[in-house]
Amino acid sequence: VAALALLCLGLALVLLAWRENTKTDGEAPAWSPMPAVIGCLTLTVVLWVGLRERERAFTLATTQTAMDRVAIEIRDELDRESSQFERIARRWGDGPPNATSAWELDANTQMTERSEQLGCRSIHFVELNLQTAWVFPRLNNEGAFGFNHSVSEDRRAALQKAVSSGAPVVSATTMVPVPGKGVERGTVIYAPVIRAGTL
């Protein structure tokens with residue numbers, strides 16, 4: 001309403017000035033093209049601002065959609081990985097204790113068929129004292145033996161949840177050792193191995 005009122009006021013002032021100039025000079029004023037030029041410039045600025053806002057909103061919506069799609073894909077991949085590691089944990093629980101040759105075969109199959117392409121660095125067997133007792137691959141992971149998984153709050157919380165639920169749990173973002181690179185941010189999947197009804 002305010003914009004329309006100002007527009008009407010401006011048009012009325014231009015028409016009054018035009019009329020007064022016509023009375024004195026008898027012809028169109030010298031400034032007569034100026035209102036048209038100003039009107040075109042104003043319309044151009046208004047359209048530019050509107051298109052810019054529309055483009056910004058479109059870019060924001062497209063970016064948000066892409067982010068949501070990536071988040072869903074990551075969640076689905078982590079769910080699939082969790083299911084795979086749950087199957088491995090079940091096999092290890094059904095087999096004899098410390099059957100490292102079977103563990104090696106399962107871990108190698110899991111890494112080469114799927115997990116390594118998704119960024120999996122290593123597969124550990126964690127004892128009840130929350131320290132790594134076995135790791136695959138051994139090469140460049142020699143320092144992982146005896147690694148205490150309870151030193152990180154994120155890992156400790158995931159371990160407690162896995163123990164209480166009896167199901168695989170994906171940890172929150174935590175620091176993960178990477179052979180030859182130190183540590184990087186990543187996640188850990190803990191799947192409880194249950195043998196004869198005990199963890």
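Located above this text is the structure these notes cover.
Conventions and cut-offs
- Residues numbered from 1 in each chain as written.
- Predicted model: local features only at pLDDT ≥ 70, side-chain atom pairs only at ≥ 80, totals over all residues.
- Heavy atoms only, no water.
- Core = buried A, V, L, I, M, F, W, Y, C linked by side-chain atoms within 4.5 Å.
- Buried < 20%, exposed > 50% of the residue type's maximum accessible area, 1.4 Å probe, protein only.
- Helix = DSSP H or I, 4+ residues; strand = E, 2+ residues; numbered from the N terminus.
- Contact = heavy atoms within 4.5 Å.
- Expected span 1.5 Å × (residues − 1).
- Arc of directions from axis to C-beta.
- Salt bridge = Lys/Arg side-chain N within 4 Å of Asp/Glu carboxyl O.
- Phe/Tyr/Trp six-rings, centres within 6.5 Å; stacked < 30°, edge-to-face > 60°.

What is the right way to read the nonpolar core from this model?
What tends to happen in soluble globular proteins is that the nonpolar side chains get buried as a cluster. Counting residues in hydrophobic clusters, the biggest one holds 14 residues, and the most contacted among them are Trp92, Trp103, Ile123, Phe125 and Trp134. Contributions of two or more residues to this core are made by helix 2 (33-94), helix 3 (100-113), strand 1 (123-126) and strand 2 (132-136). For this core, the leading source of residues is helix 2, giving four residues. Apart from residues lying up to four places away in sequence, Trp134 is in contact with Trp92, Thr100, Trp103, Glu104, Ala107, Ile123, His124, Phe125 and Phe145. Core analysis: the next-biggest nonpolar cluster, separate from the first, contains seven residues, Leu159, Ala162, Val169 and Val176 among them.

Would you explain the environment of Thr22 in this entry?
Following the sequence through the fold, Thr22 ends up in helix 1 (residues 2-25). According to the relative accessible area criterion, Thr22 is partly exposed, its value standing at 32%.

Sorry, what's going on with helix 4 (residues 153-165) here?
The periodicity of an α-helix, 3.6 residues per turn, causes residues three or four places apart in sequence to face the same way. The end-to-end C-alpha separation of helix 4 is 18 Å, in line with the 18 Å expected for 13 residues at 1.5 Å each. Arg155, Ala158, Leu159 and Ala162 are the residues of helix 4 that are buried. Angular distribution of buried residues about the axis of helix 4 spans 100 degrees; they occupy a single face of the element. Opposite its buried face, helix 4 presents the exposed residues Glu153, Gln160, Lys161 and Ser164, each directed more than 90 degrees away. Against strand 3 (169-170), strand 4 (174-178) and strand 6 (189-190) lie the buried residues of helix 4. After helix 4 finishes, the residue Gly166 shows a positive phi value of roughly 70 degrees.

What is the right way to look at the pattern of salt bridges in this model?
Tallied over the full model, the rule gives 11 salt bridges. Linking Glu184 and Arg121 is a salt bridge whose minimum nitrogen-to-oxygen distance equals 3.6 Å. Here the residue Glu184 occupies a position in strand 5 (residues 182-186), and Arg121 occupies one in the loop between helix 3 and strand 1, the gap between them amounting to 63 residues. With a shortest N-O distance of 2.4 Å, Arg156 and Glu153 are connected by a salt bridge. Taken together, the residues span about one helical turn, with Arg156 and Glu153 both in helix 4 at a distance of three residues. Residue classification places Glu153 among the exposed positions, given a relative accessible area of 52%. Linked by salt bridges that have partners in common, Glu77, Arg80, Glu81 and Arg114 make up one network.

Sorry if this is basic, but what is going on with the packing of aromatic side chains here?
To describe a pair of aromatic rings, you give the distance between the ring centres and the angle between the ring planes. This structure, assessed with the given rule, holds six aromatic pairs. With a centroid separation of 6.2 Å and an interplanar angle of 45 degrees, the aromatic rings of Trp92 and Phe125 are classed as tilted. Residue Trp92 is located in helix 2, and its partner Phe125 is located in strand 1; the two are separated by 33 residues in the primary sequence. Both residues of the pair, Trp92 and Phe125, count as buried. Ring geometry for Trp92 against Trp134: centres 5.6 Å apart, planes inclined by 90 degrees, an arrangement best described as edge-to-face. Linking Trp92 in helix 2 with Trp134 in strand 2, this pair joins segments that are 42 residues apart in sequence. Across the pair, Trp134 and Trp92 agree in class, each one buried. Members of the aromatic cluster, each reached through a chain of ring pairs, are Trp92, Trp103, Phe125 and Trp134.

Read these as layout, nothing more, since geometry by itself doesn't imply function.
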